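So you can see what is in the structure, the chains are spelled out below.
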Amino acid sequence: MGRERNVDPVIIVIFGASGDLTARKVLPALYNLFLDDFLPSQYAILGVSRTGFSDEAFRDHLRSGVEKYSRRGMPNDEQWNEFAGNIRYMQAEYDDPALYHKLIGLPDETWSTPPNIIFYLATPPNLFPLIINQLGQFSNLRGDVRYRIVIEKPFGRDLLSARKLNNQLTQAFEERQIYRIDHYLGKETVQNILAFRFGNAVWEPIWNRNFIDHIQITVAEQIGIGRRGGYYETAGALRDMMQNHLMQLLCFMAMEPPTSFHADEIRNKKVDVMHAIRLISQEEVPRYAVRGQYGEGVLDGKRVPSYRMEVGVRAASNTETFAALKLFIDNWRWQGVPFYLRTGKRMPARVSEISLQFRPVPHHPFSHLNTQLFQPNRLVIQIEPNEGIVLRTQAKEPGLGMKLKQVDMHYSYREVFHTESPDAYETLLVDIMRNDPALFMRADQVEAAWAVLTPILEVWQNNQELNFPNYQPGQWGPPEAEHLIAQDRRTWLSPVCLEPKRG
Ligand SMILES: NC(=O)c1ccc[n+]([C@@H]2O[C@H](COP(=O)([O-])OP(=O)(O)OC[C@H]3O[C@@H](n4cnc5c(N)ncnc54)[C@H](OP(=O)(O)O)[C@@H]3O)[C@@H](O)[C@H]2O)c1
């Protein structure tokens with residue numbers, strides 16, 4: 001029996017279909033779902049954008065995307081042709097009302113049951129309001145969950161713009177029809193945080209201020225901004241990464257145990273965390289937030305340009321390519337535990353890790369040993385490039401006498417499950433088709449995240465950073481990032497994946 005029986009017939013309309021995201025992520029994910037029998041037996045994919053593709057040219061364009069970006073590589077001709085037979089293209093302008101009449105009228109008598117229609121907005125964000133308003137003209141869409149809308153990040157630029165976009169969206173669709181994508185939430189390891197925390201009894205008693213000294217979240221990229229200069233100039237690290245990916249990771253780490261995995265239960269628990277984050281006043285920003293921008297230099301033996309020399313970037317750009325924050329969560333569980341978050345481009349490695357640093361042991365019974373040898377326990381959740389979990393503990397070194405050594409207990413997804421994880425977009429697209437929004441951001445979550453970051457954005461916008469560029473490619477951001485954590489007598493922990501493997 002095919003797994004597709006869980007999903008109703010579907011038409012997926014992709015706006016911005018000629019673009020990078022469609023070729024790089026959405027189509028390869030849909031193709032993999034087709035191969036794994038997760039697409040319903042009746043489906044159609046309709047690409048919409050201004051470029052003048054024929055159906056055939058559009059399919060060829062998508063096929064090269066699959067070849068280049070799919071985890072499975074080159075498609076097999078027979079399978080691809082079967083899949084691609086259901087792909088069509090429509091050249092259109094988004095302000096043309098006739099386009100939307102055609103889209104709404106798509107299901108014809110060839111459909112055995114009325115299909116769900118998913119509108120996937122993969123356009124630049126400035127086009128979201130136009131498309132939403134056009135769809136909003138059809139009042140019958142609102143409240144009918146056969147119609148769903150998917151919005152890519154970034155969702156707004158600050159609290160006000162996110163609220164405005166939410167208002168527009170909720171005039172055209174009900175919240176249960178809206179899927180705001182943060183692809184980080186589709187990653188296996190990120191979902192595994194929930195399994196790890198709430199499927200094991202051992203962690204909950206120590207998952208709090210009594211045992212945890214602090215938590216660090218690092219999401220680092222080695223790449224620069226490549227050809228995305230135009231977009232990145234309007235965003236920066238805080239908007240591009242912190243507001244969504246890192247804040248969502250923080251919520252998973254800090255949320256209270258849910259009573260079920262119902263979408264609203266998970267999202268309620270996450271939004272509780274957001275609301276408990278202590279707001280940083282504009283005066284406090286320099287003590288809690290650090291920004292950086294990369295200069296030119298050498299990374300992995302290759303000369304790389306400074307951010308200001310990248311295509312589409314202003315010569316005196318003040319946009320940050322690195323951001324670090326210290327946040328506190330004012331609730332019973334986390335009072336006094338700092339969460340240090342950092343993200344940046346042109347870092348030493350592509351790595352995403354979360355570290356829980358436990359408190360030191362209350363008493364050292366090995367009094368004859370140098371206490372420097374005692375390292376507090378550390379639990380590391382690895383998201384990229386390896387997916388796994390590491391628990392760093394102390395062990396007795398073999399031999400006469402008592403000598404302690406740090407050792408790691410670790411499991412890697414690949415080694416344990418001998419299988420490749422699905423791409424995040426595969427997971428998320430299946431959830432959209434099944435109408436399960438648990439892994440998507442609700443309006444109040446997005447706004448709460450913006451509420452935390454908006455004071456920082458305002459201070460940074462109103463005060464030019466005079467020292468940009470302030471870090472070299474291959475560094476973990478500017479020296480101020482070290483000061484941010486060193487003022488608390490702590491240090492950024494080196495990612496476990498960059499260390500030699502321990503016993
Ligand atoms: N690329 C990624 O990896 C990635 C990752 C996460 C999120 N996102 C988000 O996903 C969305 C799409 O990203 P993308 O990288 O695919 O964008 P993109 O390649 O820059 O644009 C997508 C398509 O939109 C159309 N478009 C561009 N400017 C337009 C304009 N002024 N008026 C009308 N149409 C215009 C273009 O198609 P036509 O010229 O043919 O109309 C273009 O092919 C964005 O919101 C982005 O932030 C992208």
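Every chain begins its residue count from 1, and numbering advances along the sequence as written. Two thresholds apply to this predicted model, a pLDDT of at least 70 for residue-level local features and 80 or more for giving and counting side-chain atom pairs, whereas whole-chain, interface and lining totals are computed over all residues. Water and hydrogen atoms play no part in the side-chain values, which are based on all heavy atoms of the structure.

Caption draft 1: Representation of the domain arrangement of the protein in the model. According to the domain assignment, the protein contains domain 1 (3-152) and domain 2 (185-498). For each domain, the first and last residues come from an automatic or database assignment. Relative placement of domain 1 and domain 2: their C-alpha centres are 33 Å apart. Here the buried area means the combined drop in accessible surface, using a 1.4 Å probe, for two parts upon being joined, counting both sides. Between domain 1 and domain 2, roughly 1600 Å² of surface is buried when both sides are summed, and carbon and sulfur atoms account for 64% of that area. On the domain 1 side of the interface with domain 2, the three residues burying the most area are Leu33, Arg71 and Arg148, jointly 33% of the side's total. A side-chain nitrogen of Lys or Arg and a carboxyl oxygen of Asp or Glu constitute a salt bridge if their distance falls within 4 Å. One can count 3 salt bridges joining domain 1 with domain 2. Here Glu426 makes a salt bridge to Arg71, at a shortest N to O gap of 2.8 Å. Polar contacts, as used here, are pairs of N or O atoms within 3.5 Å; protein pairs need one atom able to donate a hydrogen and one able to accept it. Residues neighboring in sequence count only if both atoms are side-chain atoms. Along the contact surface separating domain 1 from domain 2 lie 5 residue pairs in polar contact (both at pLDDT 80 or more).

Caption draft 2: Summary view of the environment of Thr393. Counting through the fold element by element, Thr393 comes out in strand 15 (residues 388-396). Here Thr393 falls in the buried class, since its relative accessible area comes to 15%. Linking Thr393 and Val407, residues 14 residues apart in sequence, is a C-alpha distance of 5.5 Å. Contact between two residues is taken to exist if any of their heavy atoms lie within 4.5 Å; hydrogens are not considered. Those residues in contact with Thr393, other than ones at most four positions away along the chain, are Asn377, Lys405, Gln406, Val407 and Met409. Starting at the N terminus, helices and strands are each numbered in turn, a helix being any DSSP run of H or I of at least four residues and a strand any DSSP run of E of at least two. Exposure is judged per residue with a 1.4 Å probe applied to protein chains only, and the accessible area is read against the type maximum: over 50% gives exposed, under 20% gives buried, and values in between give partly exposed.

Caption draft 3: Inspection of the packing of helix 6 (residues 159-172) against helix 14 (residues 443-462) at higher detail. For every element, the axis is a line fit to its C-alpha atoms; helices are fit only across the contacting stretch, and the angle between N-to-C directions ranges from 0 to 180 degrees. Contact geometry for helix 6 and helix 14: axes closest at 8 Å, N-to-C directions at 165°. Considered as vectors, helix 6 and helix 14 are oriented roughly antiparallel to each other. Helix-helix and strand crossings are classified by hand; for helix 6 and helix 14 the assignment is left-handed. Counted together, Leu159, Ala162, Arg163 and Asn166 of helix 6 and Ala443, Val446, Glu447, Trp450, Ala451 and Thr454 of helix 14 form the full contact between these two elements. Three categories are distinguished: nonpolar for Ala, Val, Leu, Ile, Met, Phe, Trp, Tyr, Cys and Pro, charged for Asp, Glu, Lys and Arg, and polar for the others, with Gly belonging to the last. Here the contact of helix 6 with helix 14 is built from residues that sort into 6 nonpolar, 2 polar and 2 charged. Every angle not falling under 35 degrees, over 145, or within 65 to 115 is termed oblique; those three ranges are roughly parallel, roughly antiparallel and roughly perpendicular. Less than a right angle of anticlockwise turn of the near helix away from the far helix marks a crossing as left-handed, whereas a clockwise turn marks it as right-handed.

Caption draft 4: Focus on the site of the ligand. In the vicinity of the ligand, 19 residues are found, and the nearest of them are Ser18, Asp20, Leu21, Arg50 and Thr51. Between the ligand and the protein, one listed contact pairs a nitrogen atom with a side-chain N or O atom of Asp20 at 2.7 Å. In this structure, an oxygen atom belonging to the ligand sits 3.5 Å away from a side-chain N or O atom of Ser49. Calculation on the ligand without its partners gives an accessible area of 870 Å², and the protein chains cover 75% of this total. Its residues assigned to classes, the shell around the ligand shows 8 nonpolar, 6 polar and 5 charged. Nearness of a residue to a molecule or strand requires only that one of the residue's heavy atoms be within 4 Å of it. All accessibility values rest on the Shrake-Rupley procedure with a 1.4 Å probe; residue burial counts only the protein chains present in the view.

Caption draft 5: Structural view of unusual backbone geometry. The omega torsion of the bond from Lys153 to Pro154 falls at 5°, within 30 degrees of zero and hence cis. When you line up the elements, Pro154 lands in the loop between strand 5 (147-151) and helix 6. Residues Glu384 and Pro385 are joined by a peptide bond in cis, for which omega reads -5°. Position of Pro385 among the secondary structure elements: in the loop between strand 14 (378-384) and strand 15. Although it is not a glycine, Asn435 adopts a positive phi angle of roughly 65°.

Caption draft 6: Spatial organisation of the environment of Asn244. Relative to the helices and strands, Asn244 is located in helix 9 (residues 237-254). Spatially, the C-alpha atom of Asn244 lies 9.4 Å from that of Ile181, the residues being 63 residues apart in sequence. Those residues in contact with Asn244 that lie beyond four places of it in its chain are Lys153, Asp182 and Arg239.

Caption draft 7: Local environment of the packing of aromatic side chains. Pairing of aromatic side chains requires ring centres within 6.5 Å, counting the rings of Phe and Tyr and the six-membered ring of Trp. Pairs whose planes differ by under 30 degrees are stacked, by over 60 edge-to-face, and all others tilted. This structure, assessed with the given rule, holds 24 aromatic pairs. On the basis of an interplanar angle of 20° and a centroid distance of 6.1 Å, the ring pair of Tyr31 and Phe34 is categorised as stacked. Of this pair, Tyr31 and Phe34 both sit in helix 1 (residues 20-35), 3 residues apart, which is roughly one turn of that helix. One exposure class covers both Tyr31 and Phe34, and it is buried. Seen from their ring centres, Phe34 and Tyr43 are 6.4 Å apart, and the 55° between their planes marks the pair as tilted. Owing to a relative accessible area of 14%, Phe34 belongs among the buried residues under this scheme. Among the aromatic residues, those joined into a cluster by ring pairs are Phe15, Tyr94, Tyr100, Phe119 and Tyr147. In this structure, Arg342 packs its charged tip against the face of Trp476, placed 4.6 Å from the ring centre. Criterion for a charge above a ring: Arg CZ or Lys NZ at most 6 Å from the ring centre, at most 35 degrees from the ring normal.

Caption draft 8: Just the sheet that holds strand 6 (residues 178-180), in detail. Taken together, the 6 strands give an open sheet; going across it, the order is 3-2-1-4-5-6, and neighbouring strands pair in parallel fashion. Of all the strands in the sheet, just strand 3 (87-91) and strand 6 have a single pairing partner and so form its edges. Sheet twist, expressed as the mean angle between neighbouring strand axes with direction ignored, is 20°. Of the pairings in the sheet, the one linking strand 5 to strand 6 comprises 3 bridges and is parallel in character. Two strands are counted as paired when DSSP detects at least two bridges linking them.

Caption draft 9: Structural detail: the pattern of salt bridges. This model, assessed by the stated rule, comprises 32 salt bridges. Note that Arg71 and Glu420 form a salt bridge whose closest N and O atoms lie 3.5 Å from each other. Of the two residues, Arg71 sits in the loop between helix 2 (55-69) and helix 3 (77-84) while Glu420 sits in the loop between helix 12 (413-417) and helix 13 (424-434), which places them 349 residues apart along the sequence. The shortest N-O distance in the salt bridge between Asp213 and Arg490 comes to 2.7 Å. Pair noted here: Asp213 is in strand 7 (residues 212-220) and Arg490 is in the segment after helix 15 (479-486), with a separation of 277 residues, a long-range link. According to the relative accessible area criterion, Asp213 is buried, its value standing at 19%. Relative accessible area serves as the criterion here: at 21%, Arg490 is assigned to the partly exposed category. Each of Asp36, Arg71, Arg72, Glu420 and Glu426 takes part in salt bridges that share partners, so that together they form one network.

Caption draft 10: Molecular detail of the side chain of Arg59. You can see Arg59 is positioned in helix 2. A distance of 3.1 Å separates polar atoms of two side chains, one belonging to Arg59 and the other to Glu56. Among the polar contacts made by the side chain of Arg59, one reaches the main-chain carbonyl oxygen of Ala84 at a distance of 3.0 Å. Beyond its immediate sequence surroundings of up to four residues, Arg59 is in contact with Trp80, Ala84, Gly85, Ile87 and Arg88.

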